[in-house]
Amino acid sequence: MPLLSTKNLVKRFEGVHAVNKLSIAFEAGKITGIIGPNGSGKSTLINTLTGMIPADAGEIVIADSEHLRRVRAHEGPAFGMTRTFQDVKLFEQMPVLDNILVVLTERSVWKSLFEKHGAFHSEKAEEVLKKVGLWDKRNELAKNLSYGQRKLLEIARILAMIHSGAGDIDIIFLDEPFAGLFPEMIKIVTTVMKELRDQGKAVILVEHNIDLIREMSDHIYVLDSGELLAEGKPAEVLSRRDVVEAYLGE
Ligand SMILES: Nc1ncnc2c1ncn2[C@@H]1O[C@H](COP(=O)(O)OP(=O)(O)O)[C@@H](O)[C@H]1O
Ligand SMILES: [Mg+2]
């Protein structure tokens, strides 16, 4: 059974059908790729699934080991999921390390700065920052990081969130995590993604780089004008003429 699925999901913006009657599913232990031209509804889909914006119609179903939760379109499901943003969102005026500790300790920003952190939190913060290669930058303010380093910090925050015990996080959305990254940074992110998949997480990857989508995805959905154009295994889907044309026509 998929961890997360939608049935006829609709999200409109003043007449634009950003997501139009979309029925898709995300499996545990799989990386699902979502591709489509600019404006095809990829980010809007993630925003509605994570509850950032309400959907207009349709259904979102979240399954976990204990219950099947059916979510009506207007209530946003927020539990059990985490995501990165196409435009990175960090605590800009805080050091890199504090950006992680805030997430790990699950406290308010204010409290987490002034309370003592347990050894567990310090160890986990070190672990996730080393994993993404940012341990040496731990005292740097987030706003001073390079573009690629910001994206890596966002990945580290997702890992911290998973460690924090803030509800079991089973579903992870990555909205264009590779855009603007150097090859060695791409390698870090692909490694993290594969580890999350192998831990049984449902990993959802929105990405423009077709080579990376082909390499990483177990299953692909192709969106065009908010609708499902194609789905299937990367090799099949990416050789379809209508899929290629949707991209060339961009
Ligand atoms: N907050 C918003 N207000 C109005 N229109 C929006 C908003 N967000 C997205 N859209 C529109 O919805 C469509 C899908 O956008 P988006 O989901 O960002 O596409 P993608 O991520 O695939 O590039 C586009 O036509 C876009 O202009
Ligand atoms: Mg987008």
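Look above for the structure.
Everything numeric here is computed off the predicted structure, so don't read it as measured data.

Caption draft 1: Structural context of the overall build of the protein. From N to C terminus, the protein includes 9 helices and 11 strands. Expressed as a percentage of the 250 residues in the protein, the buried residues total 40%. Of the contacts formed within the protein by residues at least 6 apart in sequence, a portion of 67% connects residues at least 24 apart.

Caption draft 2: Structural detail: the nonpolar core. Core analysis: the largest hydrophobic core is formed by 65 residues, its most contacted members being Ile100, Ala156, Ala160 and Ile204. With 9 residues, the single largest contributor to this core is helix 5 (residues 147-164). Counting residues domain by domain, this core receives three or more from each of domain 1 (1-80 + 171-182 + 198-250) and domain 2 (88-169). Not counting chain neighbours up to four residues away, the residues in contact with Ile100 comprise Ala125, Val128, Leu129, Ala156, Arg157 and Ala160.

Caption draft 3: Spotlight on the packing of helix 2 (residues 96-105) against helix 4 (residues 119-131). Interaxial distance between helix 2 and helix 4 falls to 10 Å at its minimum, and their mutual angle equals 125°. Overall, the two elements helix 2 and helix 4 adopt an arrangement that is oblique. The crossing of helix 2 and helix 4 is right-handed. Of helix 4, the residues touching helix 2 (which contributes Val96, Leu97, Ile100, Leu101, Leu104 and Thr105) are His121, Lys124, Ala125, Val128 and Leu129. In terms of residue class, the contact of helix 2 with helix 4 is made up of 8 nonpolar, 2 polar and 1 charged.

Caption draft 4: Up close: the site of ligand 1. Neighbouring ligand 1 are Phe13, Val16, Ala18, Gly36, Asn38, Gly39, Ser40, Gly41, Lys42, Ser43 and Thr44. Every element with two or more residues in the shell around ligand 1 is listed here: strand 2 (16-22) and helix 1 (42-49). The leading source of residues in the shell around ligand 1 is helix 1, at 3 residues. Classifying every residue of the shell around ligand 1 gives 3 nonpolar, 7 polar and 1 charged.

Caption draft 5: How the structure looks around the sheet that holds strand 11 (residues 227-232). One open sheet holds the 6 strands; their spatial order is 7-8-9-4-10-11, and the pairing between them is mixed. Two strands close off the open sheet at either side, each with one partner strand: strand 7 (81-83) and strand 11. Strand-to-strand twist of the sheet, defined as the mean angle between neighbouring strand axes without regard to direction, takes the value 20°.

Caption draft 6: Layout of the pairing of strand 8 (residues 171-175). For strand 8, the buried fraction is high: 5 of the 5 residues fall into the buried class. Of the two faces of strand 8, the one lined by Ile171, Phe173 and Asp175 and the one lined by Ile172 and Leu174 are each fully buried. Across 5 bridges, strand 8 lies against strand 9 (residues 202-206) in parallel orientation. Bridge pairing in strand 9 links Asp175 to Val206. In the classification by handedness, the crossover that spans strand 8, the intervening helix 6 (residues 183-198) and the parallel strand 9 is right-handed.

Cut-offs used in this document
Throughout, a residue's number is its position along its own chain's written sequence, starting from 1. Whichever chain is written first is A, and whichever ligand is written first is 1; the rest continue in order. Local features in a predicted model are, by the rule used here, given only for residues with pLDDT of at least 70; side-chain atom pairs are given and counted only at 80 or more, and totals for whole chains, interfaces and linings are based on all residues. For the purposes of this entry, the term helix denotes a DSSP run of H or I that reaches at least four residues, the term strand denotes a run of E that reaches at least two, and both are numbered from the N terminus. Here the C-beta atoms are placed from the backbone, and a residue counts as buried if at least 20 other C-beta atoms lie within 10 Å of its own, exposed if 12 or fewer do, and partly exposed otherwise. Note that contacts rest on C-beta atoms placed from the backbone: two residues are in contact if these are within 7 Å. In this description, a nonpolar core means buried residues of the types Ala, Val, Leu, Ile, Met, Phe, Trp, Tyr and Cys, linked to one another by C-beta atoms lying within 7 Å. Domain boundaries shown here were taken from an automatic or database domain assignment. Fitted lines through C-alpha atoms serve as axes, helices being fitted only where they are in contact, and the angles separating the N-to-C directions of these axes extend from 0 to 180 degrees. Any angle from 65 to 115 degrees is called roughly perpendicular, while one under 35 is roughly parallel, one over 145 is roughly antiparallel, and all others are oblique. Note on convention: the crossing is left-handed when the near helix lies turned anticlockwise from the far helix by less than a right angle, right-handed when the turn is clockwise. For this classification, Asp, Glu, Lys and Arg are treated as charged, while Ala, Val, Leu, Ile, Met, Phe, Trp, Tyr, Cys and Pro are nonpolar and the rest, including Gly, are polar. Placing a C-beta atom from the backbone of each residue, we mark the residue near a molecule or strand if the atom is within 6 Å of it. A pair of strands is treated as paired once DSSP finds two or more bridges between them. Every crossover in which the path from the first strand over the helix to the second runs clockwise, viewed with the strands pointing away from the viewer, is termed right-handed.

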